[in-house]
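Residues per chain, in single letters:
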Amino acid sequence: MPTRSRPLVAVRLIGPTATVTAHAATIAAQLVAHHGGRDRVTCRTSTRTGGYSGESRAYITITRKEPQ
């Protein structure tokens, strides 16, 4: 099994669902642009329920694209 490269950036957002959803998209787009665009990096996002009612957790990970 190939090993994954270490992420350039990993971000976790926790808060009210509407706020997390709005900010996650903006932050992901800014991070991708800062690191050279989609041709150089891969952006993975995932969202899960939070610990309290009405809250969510969003995870954003930016890694270098692997040569193919």
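Data block above holds the structure.
Keep in mind it's a predicted model, so treat the numbers as computed, not measured.

J.: I keep staring at the side chain of Ser-56 and nothing clicks. Help me out?
T.: In this fold, Ser-56 is placed in strand β3 (residues 55-64). Ser-56 gets classed as buried once you look at its relative accessible area, which sits at 7%. Side chain to side chain, Ser-56 and Thr-17 meet in a polar contact 2.9 Å long.

J.: Just checking my understanding: could you explain the layout of surface pockets for this structure?
T.: The volume enclosed by the largest pocket comes to roughly 210 Å³. Residue lining of the largest pocket: Thr-3, Arg-4, Ser-5, Pro-7, Thr-42, Arg-44, Thr-61, Thr-63, Arg-64 and Glu-66, and that is the complete set. Counting only elements with at least two residues in the lining of the largest pocket, the list comes to β2 (41-49) and β3. The biggest single contributor to the lining of the largest pocket is β3, with three residues.

J.: Teacher, can you tell me more about the environment of Asp-39 here?
T.: Among the secondary structure elements, Asp-39 is positioned in the loop between α1 (17-34) and β2. Using a relative accessible area of 61% as the deciding quantity, one classes Asp-39 as exposed. Note: C-alpha distance between Asp-39 and Ser-5 (34 residues apart in sequence) is 16 Å.

J.: Whenever I open this one, the sheet that holds β3 confuses me. Can you help?
T.: Strand pairs in the sheet, formed through backbone hydrogen bonds, run parallel or antiparallel to each other. Spatially, β1-β3-β2 is the arrangement adopted by the three strands of the open sheet, whose pairing is antiparallel. Edge positions in the sheet fall to β1 (9-16) and β2, since each of these pairs with one other strand and no more. Pairs of neighbouring strands in the sheet enclose a mean axial angle of 15°, with direction left out of account. When β1 meets β3, the two strands line up antiparallel, connected through eight bridges. Within β3, the residue paired with Ala-10 across the bridge is Thr-61. Packed on one face of the sheet, α1 meets β1, β2 and β3 and runs near 160° to β1.

J.: Is there a simple way to think about the pairing of β2 in this case?
T.: The side chains of a regular strand alternate, residue by residue, between the two faces of the sheet. Pairing between β2 and β3: nine bridges, direction antiparallel. Residue Thr-45 lies in a different strand from β3, and its bridge partner there is Ile-60. Connecting β2 to the antiparallel partner β3 that follows it, the hairpin turn spans five residues, and Gly-54 within it adopts a positive phi of roughly 85°.

Criteria and thresholds
- Residues numbered from 1 in each chain as written.
- Predicted model: local features only at pLDDT ≥ 70, side-chain atom pairs only at ≥ 80, totals over all residues.
- Heavy atoms only, no water.
- Helix = DSSP H or I, 4+ residues; strand = E, 2+ residues; numbered from the N terminus.
- Buried < 20%, exposed > 50% of the residue type's maximum accessible area, 1.4 Å probe, protein only.
- Polar contact = N/O pair within 3.5 Å; in protein donor to acceptor, adjacent residues only side chain to side chain.
- 1 Å grid on protein atoms, 1.4 Å probe; cavity = no way out; pocket = protein on both sides within 12 Å on 5 of 7 lines; lining within 4 Å.
- Points joined across faces, edges and corners; volume = space filled by probe spheres on them.
- Pairing = 2+ DSSP bridges.
- Axes fitted to C-alpha atoms, helices over the stretch in contact; angles between N-to-C directions.
- Contact = heavy atoms within 4.5 Å.

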